[in-house]
Amino acid sequence: MTTYERIVILTGAGLSAESGLDTFRDQNGIWAKHNIEDVATPEAFARDPQTVLDFYNARRRSARHVRPNAAHVALARLEADFPGSVITVTQNIDPLHEWAGTKNLIHMHGEILKALCAHCGARKPWEEDLTVDLVCDTCHRAGGMRPDVVWFGEMPYRMEEIYDALGACDLFISVGTSGNVYPAAGLVAEARAAGAYTVELNLEPSEGISMFAEAIHGKATVVVPAYVAKLLNS
Ligand code: OAD
């Protein structure tokens, strides 16, 4: 295997599926049971905040009770043991990367275990349910406490850092994402344009399959540890 120096990893819901968290677009996925427009947009929060909060309250409860799987652990090991740099960019709002030990991590779609005050922008760790009557302890206004997640129509976090990392990477690995949601789905093209080798590790071919130089299809807990072992032993 070629020797690489700078790796960017992009992860999605398929990585956490075997930890027990639902994906979005698989059969029986989250978007088969809920309309995006009703629960994951700023307009939905303005129209019916409690429905939006309830949707994320349920997801926060699930996220608190799951554990990292072998694929999260392998990616954390890659970061720890790889002699070059490794940056992990995740679309997942669950805490499983950090619980597995990954440190150089960008949660581009936010974090379910944090709350954000829509009035003043304050962010805070949050483990309990959010309700519409909560008062922000920074600005003391009620009604603005929302999950610190990025909704459709909002800009994902830390995009400048992500594009900088892509511009400098020589290996881009995409794990467990269907490649449907931009800008995340466009990151592989940026990496390719920078000359990086691109690899997809997913249960099935993603929407962006043609952008990848190599694809390994299978369950994350099987293909990710195997791929990481190969990288570290090369
Ligand atoms: P999706 O649900 O769209 O895609 C999950 C991908 O993981 C699919 O291609 C599955 O085939 C694959 N998969 C399922 N189980 C797997 C397993 N055990 N091992 C490996 N792969 C598996 O989820 P994302 O691509 O992450 O955004 O979705 C992207 C964004 O769309 C999310 O961050 C979320 C959602 O709407 C927002 O809410 C803003």
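Residues numbered from 1 in each chain as written. Predicted model: local features only at pLDDT ≥ 70, side-chain atom pairs only at ≥ 80, totals over all residues. Heavy atoms only, no water.

A.B. asks: Can you help me understand the environment of Ala17 in this one?
C.D. replies: Within the secondary structure, Ala17 sits in helix α1 (residues 13-17). In sequence terms Ala17 and Thr221 are 204 residues apart; their C-alpha atoms lie 9.6 Å from each other. (Helix = DSSP H or I, 4+ residues; strand = E, 2+ residues; numbered from the N terminus.)

A.B. asks: What is the right way to read the site of the ligand from this model?
C.D. replies: Around the ligand sit 24 residues in total, of which Ala13, Phe24, Arg25, Thr177 and Ser178 are the nearest. At 2.9 Å from a nitrogen atom of the ligand is found a side-chain nitrogen or oxygen belonging to Glu18. One nitrogen or oxygen atom from the side chain of Thr177 is found 2.6 Å from an oxygen atom belonging to the ligand. Here the ligand, which alone exposes 790 Å², has 95% of that area covered by the protein. Considering each element in turn, the shell around the ligand owes the most residues, three residues, to α1. The class makeup of the residues in the shell around the ligand is nine nonpolar, 10 polar and five charged. (Near = heavy atom within 4 Å. Polar contact = N/O pair within 3.5 Å; in protein donor to acceptor, adjacent residues only side chain to side chain. Areas by Shrake-Rupley, 256 points an atom, 1.4 Å probe, with all protein chains shown as cover. Nonpolar A, V, L, I, M, F, W, Y, C, P; charged D, E, K, R; others polar.)

A.B. asks: Whenever I open this one, the sheet that holds strand β7 (residues 171-175) confuses me. Can you help?
C.D. replies: For sheets, the rule is that strands pair by backbone hydrogen bonds, running either parallel or antiparallel. Within the open sheet, the six strands sit side by side as β3-β2-β1-β7-β8-β9. Their pairing is parallel. Each having just a single partner strand, β3 (105-107) and β9 (214-217) make up the two edges of the open sheet. Strand-to-strand, the axes of this sheet are offset by a mean angle of 15°, without reference to chain direction. The pairing of strand β8 (residues 197-202) with β9 spans four bridges and is parallel. In the strand pairing of β9, Glu200 is matched with Ala215. Relative to the sheet, helix α8 (residues 159-168) contacts β1 (6-11), β2 (85-90), β3 and β7, its axis offset from that of β1 by approximately 130°. (Pairing = 2+ DSSP bridges. Axes fitted to C-alpha atoms, helices over the stretch in contact; angles between N-to-C directions. Contact = heavy atoms within 4.5 Å.)

A.B. asks: Explanation requested: the pattern of salt bridges in the structure shown.
C.D. replies: A side chain of one charge can pair with a side chain of the opposite charge if their charged atoms are brought near each other. For the coordinates displayed, the defined rule picks out 10 salt bridges. In this structure, Lys114 and Glu111 form a salt bridge, with 2.9 Å as the shortest nitrogen-oxygen distance. On the basis of relative accessible area, Lys114 is assigned to the partly exposed category, the value being 29%. With a shortest N-O distance of 2.9 Å, Arg123 and Asp148 are connected by a salt bridge. Pair noted here: Arg123 is in strand β5 (residues 123-125) and Asp148 is in strand β6 (residues 145-149), with a separation of 25 residues, a long-range link. For Arg123, a relative accessible area of 45% puts it in the partly exposed group. (Salt bridge = Lys/Arg side-chain N within 4 Å of Asp/Glu carboxyl O. Buried < 20%, exposed > 50% of the residue type's maximum accessible area, 1.4 Å probe, protein only.)

A.B. asks: Would you mind showing me how to read the sheet that holds β5 here?
C.D. replies: Ordered in space as β5-β4-β6, the three strands form an open sheet in which the pairing is antiparallel. Strands with a single pairing partner mark the edges of an open sheet, and in this sheet they are β5 and β6. If you compare each strand with its neighbour and ignore which way they point, the axes differ by 45° on average.

A.B. asks: How should I be thinking about unusual backbone geometry in this particular structure?
C.D. replies: Leaving glycine out, the prevailing phi sign among residues is negative, and the prevailing peptide bond configuration is trans. Here the amide bond leading from Tyr182 into Pro183 is cis, since omega sits at 10°, within 30 degrees of zero. For His140, which is not a glycine, the phi torsion comes out positive at approximately 65°. The residue His140 is located in the loop between β5 and β6 in this model. Although it is not a glycine, Arg158 adopts a positive phi angle of roughly 60°. Here Arg158 lies in the loop between β6 and α8.

A.B. asks: What is the right way to look at the side chain of Lys124 in this model?
C.D. replies: Residue position: Lys124 is located in strand β5. Excluding anything up to four places from it in sequence, Lys124 contacts Leu113, Lys114, Ala115, Cys136, Asp137, Thr138 and Met145.

A.B. asks: Please clarify how helix α6 (residues 70-81) should be interpreted in this entry.
C.D. replies: Spacing of three or four residues puts side chains on the same side of an α-helix, whose turn is 3.6 residues. In this model α6 runs 16 Å from its N-terminal to its C-terminal C-alpha over 12 residues, within 8% of the 16 Å that 1.5 Å per residue would give. Of the positions making up α6, those classed as buried are Ala71, His72, Ala74, Leu75, Ala76, Leu78 and Glu79. Summarising the contacts, the buried residues of α6 are in contact with β1, α1, β2, α7 (96-100), β7 and α10 (220-233). Between the side-chain oxygen of the N-cap and the backbone nitrogen of Ala71 there are 2.7 Å, and the N-cap of α6 in question is Asn69. (Expected span 1.5 Å × (residues − 1).)

A.B. asks: Please explain the pairing of β7 as it appears in this structure.
C.D. replies: One face of the sheet, then the other: side chains in a regular strand alternate in exactly this way. Most of β7 sits out of view: five of its five residues are buried. By the alternation rule, side chains of β7 split into Leu171, Ile173 and Val175 and Phe172 and Ser174, which are all buried. Bridge count between β1 and β7: five bridges; the pairing is parallel. Counted as the bridge partner of Val8 is Phe172 from β7. Relative to β8, β7 is paired through five bridges, and the arrangement is parallel. Note that in β8 the partner of Ser174 across the bridge is Glu200. The β-α-β motif built from β7, the intervening helix α9 (residues 187-193) and the parallel element β8 has right-handed crossover chirality. (Right-handed = clockwise from strand over helix to strand, strands pointing away.)

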